[in-house]
Amino acid sequence: MALVTSKEMFEKAYAGGYAIGAFNVNNMEIIQGITEAAKEVNAPLILQVSAGARKYANHTYLMKLIEAAIQETGLPICVHLDHGDTFELCKSCIDGGFTSVMIDGSHHSFEENIALTKKVVEYAHDKGVVVEAELGRLAGIEDAVNVSAEDAAFTRPEEVEEFVSRTGVDSLAIAIGTSHGAYKFKTEPKLRFDILEEIQKKLPNFPIVLHGASSVIPEYVDMINKFGGEMPGAMGVPAEMLRKAASMAVCKINIDSDLRLAMTGTVRKYFAENPSHFDPRQYLSPARAAIKELVKDKLVNVLGCSGKA
Ligand code: G3H
Ligand code: 13P
Ligand code: ZN
């Protein structure tokens, strides 16, 4: 099995009422934890790389690690640029072997977003690469950009048909109340499923992407708090809402914060219990195992994509 695009994954996911997990990767242990989980339950995967991840780990290292994971697991894996903000960044990832890119023009005007997205789509499609774009604006933190709740905006269903037809984009990320990071809701979690339903009516059979979809698993937040961390009020998207989104037009569900929390909680616990240890393999092994367990649970019990590889 080689690297694949998300085209066939999304077609099957839409028809089957499930979603593909798109997990952010930054290093070897994260890639191993995710791909070992997917192998055990035979799930297709999207591994996504942000500009920050690329800066941290280097494009070539990440590509080679993902290639190694494909060799080890035999799974169909799509490698995707998460939140590309310029044509040049998207081009560099396409030229460097990514099979999918996101051009996030959501901070621009509607017309500028269309022009930028169209330019990326033309370059990508020529090379057999698929493109995700975003309409509407999520709150939260992406790289150095912190979008406040006031600046966030729900996707306007009346704009989606024009955006998709004028850009030729392959999937669309929408804003229905999720946000990036570990503090998604101040009180009760609430998503605008009515907006998703409207969008689905306007774009039949078209794959929708849900960003900011970590559940902020209490087990790991509690672990962080118990072992010296401070995360009061952390709250994510309940699994039940993700299941509902996956049964609708959402074909790709983005998860990063849950991986960070699992890894960090486990490492904090390890050092609290083994204060004199200093071999990185000792604390990274349980961290990798925690990621594997977390991802397995998502694939089987939340996304519904186990057995679909
Ligand atoms: O949407 C943001 C992702 O969680 C990636 O985060 O840009 O800090 O790597 P990052
Ligand atoms: P979380 O912060 O909820 O994990 O969202 C990740 C994401 O949307 C990456 O693009
Ligand atoms: Zn995102």
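Conventions adopted
Residues numbered from 1 in each chain as written. Chains lettered and ligands numbered in written order. Predicted model: local features only at pLDDT ≥ 70, side-chain atom pairs only at ≥ 80, totals over all residues. Heavy atoms only, no water. Helix = DSSP H or I, 4+ residues; strand = E, 2+ residues; numbered from the N terminus. Contact = heavy atoms within 4.5 Å. Donors = N, O, S within 2.8 Å, 3.2 Å for Na, K, Ca; no water. Buried < 20%, exposed > 50% of the residue type's maximum accessible area, 1.4 Å probe, protein only. Axes fitted to C-alpha atoms, helices over the stretch in contact; angles between N-to-C directions. Left-handed = near helix turned anticlockwise from the far one by under 90°. Nonpolar A, V, L, I, M, F, W, Y, C, P; charged D, E, K, R; others polar. Expected span 1.5 Å × (residues − 1). Near = heavy atom within 4 Å. Polar contact = N/O pair within 3.5 Å; in protein donor to acceptor, adjacent residues only side chain to side chain. Areas by Shrake-Rupley, 256 points an atom, 1.4 Å probe, with all protein chains shown as cover. Pairing = 2+ DSSP bridges.

Here we look at the side chain of Asn-254
- Following the sequence through the fold, Asn-254 ends up in strand β10 (residues 250–255).
- If we skip the residues at most four places from it in the chain, Asn-254 touches Ala-22, Gln-48, Asp-82, Val-209, Leu-210, His-211, Gly-212, Ala-213 and Ser-214.

Focus: the coordination of the zinc ion (ligand 3)
- Bound to the zinc ion (ligand 3) are the protein donor atoms His-83 (NE2), His-180 (NE2) and His-211 (ND1), situated 2.1 Å from the metal.
- In primary sequence terms, the donor set of the zinc ion (ligand 3) follows H-x96-H-x30-H. Taken as a pair, His-83 in strand β3 (residues 77–84) and His-180 in the loop between β8 (171–174) and α8 (193–202) lie far apart in primary sequence, 97 residues in all. An identical accessibility class is assigned to His-83 and His-180; each is buried.

A few points about the packing of helix α7 (residues 157–167) against α8
- One way to put it is that α7 packs onto α8 with a least axis distance of 9 Å and a crossing angle of 35°. Viewed along their axes, α7 and α8 form a crossing whose handedness is right-handed. Along its contact with α7, which presents Pro-157, Glu-158, Val-160 and Glu-161, the element α8 presents Ile-195, Glu-198, Ile-199 and Lys-202.
- By residue class, the composition of the contact of α7 with α8 is four nonpolar, no polar and four charged.

Considerations on helix α6 (residues 110–126)
- With 17 residues, α6 ought to run about 24 Å at 1.5 Å a step, and its terminal C-alpha atoms sit 24 Å apart, in line with that.
- Among all positions of α6, only Asn-113, Ile-114, Leu-116, Thr-117, Val-120, Val-121, Tyr-123 and Ala-124 are buried.
- Where the residues of α6 are buried, they touch α5 (87–95), β4 (100–103), β5 (130–135) and α7.
- Positioned one or two residues after α6, Gly-128 has a phi angle of 75°, which is positive.

Examining the site of ligand 2
- Around ligand 2, a shell composed of 15 residues is seen, among which Asp-82, Lys-184, Ser-214, Asp-256 and Ser-257 lie nearest.
- Within the side chain of Asp-82, an N or O atom sits 2.7 Å from an oxygen atom of ligand 2.
- If ligand 2 stood free it would expose 300 Å²; the protein chains cover 96% of that surface.
- Taken together, the elements giving at least two residues each to the shell around ligand 2 come down to β3 and β10.
- Grouping the amino acids of the shell around ligand 2 by side-chain chemistry returns two nonpolar, ten polar and three charged.

Details of the sheet that holds β5
- With respect to topology, eight strands assemble into a closed barrel ordered β1-β2-β3-β4-β5-β8-β9-β10, the strand pairing being parallel. The average angle at which neighbouring strand axes cross in this sheet is 25°, direction not considered.
- Here β5 pairs with β8 via four bridges, running parallel. The residue bridging Ala-133 from the neighbouring strand is Leu-172, located in β8.
- Along the sheet, helix α2 (residues 28–41) makes contact with β1 (20–24), β2 (45–50) and β3, crossing β2 at roughly 165°.

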